[in-house]
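Secondary and tertiary structure notes
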Amino acid sequence: MTTQEILEAARGAKTAVALSNSGTRDSALLGMADALCAPESMDAILAANAEDMATAKGRISDVMLDRLALTPQRIEAMAKGIRDVAALPDPVGRVLSHIERPNGLVIEKTAVPMGVIAIIYESRPNVTSDAAALAIKSGNACILRCGKEAWRSANAIVQALRQGLRANGLPETAVCLIEDTTHASANALMTAVGYVDLLIPRGGAGLIRACVENAKVPCIQTGTGICHIFVDDTADQTKALDIIENAKASRPSVCNAEEVCLVHSAIAAEFLPKLAQRLGPDRTSKGLHPVELRLDERAAALIPGTPAGPKDFDTEFLDYILAVKIVDSVEEAIAHIAAHSTGHSEAILTRTDAHAALFTAAVDSAAIYVNCSTRFTDGGEFGLGCEMGISTQKLHARGPMGLGELCSYKYIIHGNGQTR
């Protein structure tokens, strides 16, 4: 199908999904999850993914290949995410506020579906099932546009998901995958006025910038994560090492991974050698990928590493690379974050309550952590089932976007002959 035909098909499906009841949508979600894990679907998805992996090998980094790769366990996890969404309360029709006026009017602010949600994303096949599940649960149709590296995988996943829709009386075009992976299809979604009710770009800085600058349909800015962790002078250093290794190295290709470590000068001479040992030789001895440290001048005087370049504190590495800077106070850490953050996730590691309070009040990002890893910025970890993306803007949605953020609202007013 052409992109225009897909736009028309999704627009045609949105009313049926919006008017379906909660039981129908939940049954469809459970059917989608079951279809993903059916042996024939599993085989088709893994075969398609193997083709994607073979084509991408040598063209993208090993870290990005890991994002693309699917296994039976990852497909089972995708299905679990769908079932988790099905188990959540229905957001559609929820009364957000109830006002009774002196003239007897009853005004109810009521959650309703957006309509057609378009998602542009890159090489993470699991986004396909997450986005489809959240869209259906919230009464929306969705149009998925993935990167060319993941298209075969995404197509096999969508074919399985559509089985669950058909088996439960919902139109299969409620979940559509764009077939054209050139820039033309992305531009078509950005300008699909009258077809797309909400556009969500989920990917790197270039993709998000293109959508924000060129979209003529409503667009939510998501994704890019230059996430900071500040190690205060009173931090528990043992816990800090655990947290930093988790935030940087557990899965460096995701947007909630740490990219910058700020260390208080009062403990830098003691803490930085421990950090270098933990992320370098200790990981190598365990057969794990070491982390390259990009050091500012003060840090480079204390530990070996790569001198930080002018862009290293403004880069989402998505790799085993960590920029390190020494600061003299919590206020300086806050100022650095204000100058370099993308508004995603930041953390302070401290045992000083006043510093934690100042940091959480002053840092203007979607998620602020005290004494834990930034890797928790995730819809599943926040109890949302899964997420459509991490919004780094402030209007309508901020942080992990779950069901509530995929609904709009309208006012329903009940009267008994009142006139004005």
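Scope of this entry: the structure provided in the associated data block. Residue indices begin from 1 for each chain and proceed along its sequence in written order. Confidence filtering applies because this is a predicted model: local features only for residues at pLDDT of at least 70, side-chain atom pairs given and counted only at 80 or more, and all residues used for totals across whole chains, interfaces and linings. To obtain the side-chain values, all non-hydrogen atoms of the structure were included, while hydrogens and water were left out.

Topic: helix 11 (residues 265-279)
Taking 1.5 Å of rise per residue, the 15 residues of helix 11 would be expected to cover 21 Å, and the 20 Å separating its terminal C-alpha atoms lies within 8% of that figure. One fitted axis covers the seven residues ending at a residue, a second covers the seven starting there, and the bend at that residue is the angle between these axes. Numbered from the N terminus, helices here are DSSP runs of H or I no shorter than four residues, and strands are runs of E no shorter than two. Most pronounced at Phe271, the bend in helix 11 amounts to some 45 degrees, and the proline Pro273 follows within four residues. Three exposure classes are used, based on accessible area relative to the maximum for each residue type with a 1.4 Å probe and protein chains only: buried under 20%, partly exposed in between, and exposed over 50%. The complete set of buried residues in helix 11 reads Ile267, Ala268, Phe271, Leu272, Leu275, Ala276, Arg278 and Leu279. Multiplying one less than the number of residues by 1.5 Å gives the expected span of a helix.

As for the pairing of strand 2 (residues 106-113)
For strand 2, the buried fraction is high: seven of the eight residues fall into the buried class. The pairing of strand 2 with strand 16 (residues 407-414) spans eight bridges and is classified as antiparallel. Along strand 16, the bridge assignment pairs Pro113 with Cys407. Here, a strand pair is defined by DSSP locating no fewer than two bridges between the strands.

Examining the state of the cysteines
In protein structure, a disulfide is the covalent linkage between the sulfur atoms of two cysteines. Any cysteine sulfur atom paired with another within 2.5 Å is treated as part of a disulfide. A complete count under the given rule lists zero disulfides for this structure. The thiol of Cys146 is unpaired, and the distance to the nearest cysteine sulfur, on Cys142, comes to 12 Å. Free cysteine: Cys407, not disulfide-bonded; nearest cysteine sulfur from Cys142 at 14 Å. What makes Cys407 buried here is its relative accessible area of 7%.

Looking at the sheet that holds strand 8 (residues 258-264)
Strand order across the open sheet formed by seven strands is 10-9-11-8-7-12-13, with parallel pairing between neighbours. With partners counted over all chains shown, the strands left at the sheet margins are strand 10 (306-307) and strand 13 (367-370), one partner each. Bridge count between strand 7 (residues 227-231) and strand 12 (residues 345-349): four bridges; the pairing is parallel. Bridging from a neighbouring strand, Val231 pairs with Leu349 of strand 12. Helix-sheet contacts for helix 15 (residues 353-362) involve strand 7, strand 12 and strand 13, and the interaxial angle to strand 12 is about 170 degrees. Every residue pair with non-hydrogen atoms within 4.5 Å of one another is taken to be in contact. Whenever a helix is involved, its axis is fitted only over the stretch in contact; in every case the axis is a line through C-alpha atoms, and angles between N-to-C directions fall within 0 to 180 degrees.

Remember that the coordinates give geometry; whether it matters functionally is a separate question.
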